[in-house]
Amino acid sequence: MERFLIGAESEILVGRGIPDPLLPANESRRRVAVLTQPGAVDVAERVAARIAAEGAEPFLHVMPDGDDAKTLPAVESAYTWLADRQIGRTDTLVAVGGGAVTDAGGFVAATWMRGIEAVYVPTTLLGAVDAAVGGKTGINVGGKNLVGVFRHPRRVVVDLDVLEALPSHLKREGAAEIVKAGLLAAPDVVTTYRERGIDAPLEEVVPAAIAVKVDIVGRDFTEKGDRALLNLGHTIGHGVEFAAGVSHGQAVAIGLVAAAAVSERRCGFADGNLVRDTLARVGLPVQAPPVDRAEVIRLIGLDKKHRAGRLHMTLLEAVGRPVVTEVTDEDVGYGLEAIGL
C-alpha cells in the first residue's frame, strides 16, 4: 500500500483491500466503536470482523444517511451509544462511510472523553480524496460545518476495491475534487481524466490527489494561508450548490469552470477550455442549472461578509500555479456568465 504522512502521527494508506493490521498499534485498546451509514454497512461489518480478529471488541452503530448524520441529535445519540458501550479514552472510533460520516465521526472522536483515537475508512471517492483527508471535522448547526475542530485521524484507509465498485455517479462526484487537485498541482491527473474520462485508473489518480492535499495541509493545517488553495472552484460552486440544490461534486465542477473564467480575466489563464473539456469528458456539468442569479450572488456574499467585506478566490495563473487573490463583483459576474448565469 502507498503511505502518506501528515505530521508525525497521522497516516493515509491507499491500496486494494483492508490492510493487515487495520488498526494502528495500541496495547491499551479494548473496544472499538464503528460508526457507519446505511449504504456502507457491508464494509463496516467487514471492518468489524477484522477488528475482532486483531483482538479488540467491535461495536457497530449506524448513523443517519447523508447530512442527517451531521446534526446535534445524531451526535448526541452517538455519545449516548458510546457511553452505553463503555468506550474509554484508550479505545478507538472507526468511521466507515462517506464524507458526512467521517466529518461527524471525527467530531465525535475528537470530543468524546476530550479526544479518542480515530480511524477513517472512506467508502466514496469524494470522501477518500477530500473529506477524510486533512483533519477537518464538523457538524451543521445553523449552517454547514459551523461547529467542528481540526484534528487528524490516526489513520485513513482507502480501499481502492471499494471505490472501484461504486456506481458511476459517485465516481463522477469524486472526480470533480480529483480534477481540482490536478489543476492545483498534478497536471498529469487532468491529462488522464481528459483522455480516459470516468474510466481513469483509480490507482493513479487517487494517490495523486491525496498527495496534493497532504502537501497543502502539511504546510497549513488550520487554514491560515496555503490551505485556502483547496477552495479552488468552491467560492462560486458553493453558491450554486445551495441555491440550486445540486450535489457537492457537481457544484465543484461548475465552480471550476467559473474559476477558470475569472482566472482568465484576472491572471491571464489560458486553459479554460481544458478545464471545461476535462470535466465534460468525465460527465460532470459545466453550466449551472436554472437558478436565480441574485440568490447565487447573495450566497457568495455570505463568504465576503466573513472576510471583512473583501472576497478572495483561488484562481489559476496556469495549471499547477494557483493563487489566492481579492476579486471584484465584476470578476464574479464574469465567472457567473461563464456558467450561464
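Description of the structure in this document. Just so it is clear, the model here is predicted, and its values are computed rather than measured.

A word on the pattern of salt bridges. The tally for this structure, following the rule as stated, stands at 17 salt bridges. Residue Asp215 is joined to Arg219 by a salt bridge in which the shortest nitrogen-to-oxygen separation is 2.4 Å. In this pair, Asp215 and Arg219 are both assigned in helix H8 (residues 202–219), four residues apart and thus about one turn of the helix distant. The structure contains a network of salt bridges with shared partners spanning Arg16, Asp161, Glu164 and Glu203.

One open sheet holds the seven strands; their spatial order is S1-S2-S7-S6-S5-S3-S4, and the pairing between them is mixed. The sheet terminates laterally at strand S1 (2–6) and strand S4 (57–62), the two strands that pair on one side only. With direction set aside, neighbouring strand axes in the sheet form an average angle of 20°. Across six bridges, strand S3 (residues 31–36) lies against S4 in parallel orientation. Note on S4: the bridge partner recorded for Val32 is Pro58. Lying over the sheet, helix H3 (residues 99–111) contacts S3, strand S5 (92–97) and strand S6 (117–122), oriented at roughly 165° with respect to S5. Taken strand by strand, H8 contacts S1, strand S2 (10–15) and strand S7 (155–159), and its axis lies near 15° from that of S1.

Here we come to the packing of aromatic side chains. Counted by the stated rule, this structure contains two aromatic pairs. Judged by centre distance (6.0 Å) and plane angle (20°), the ring pair of Tyr79 and Trp112 falls under stacked. With Tyr79 in helix H2 (residues 72–84) and Trp112 in the loop between H3 and S6, this pair connects stretches of sequence that are 33 residues apart. Using a relative accessible area of 13% as the deciding quantity, one classes Trp112 as buried.

Scoring rules and cut-offs
- Residues numbered from 1 in each chain as written.
- Predicted model: local features only at pLDDT ≥ 70, side-chain atom pairs only at ≥ 80, totals over all residues.
- Heavy atoms only, no water.
- Salt bridge = Lys/Arg side-chain N within 4 Å of Asp/Glu carboxyl O.
- Helix = DSSP H or I, 4+ residues; strand = E, 2+ residues; numbered from the N terminus.
- Pairing = 2+ DSSP bridges.
- Axes fitted to C-alpha atoms, helices over the stretch in contact; angles between N-to-C directions.
- Contact = heavy atoms within 4.5 Å.
- Phe/Tyr/Trp six-rings, centres within 6.5 Å; stacked < 30°, edge-to-face > 60°.
- Buried < 20%, exposed > 50% of the residue type's maximum accessible area, 1.4 Å probe, protein only.

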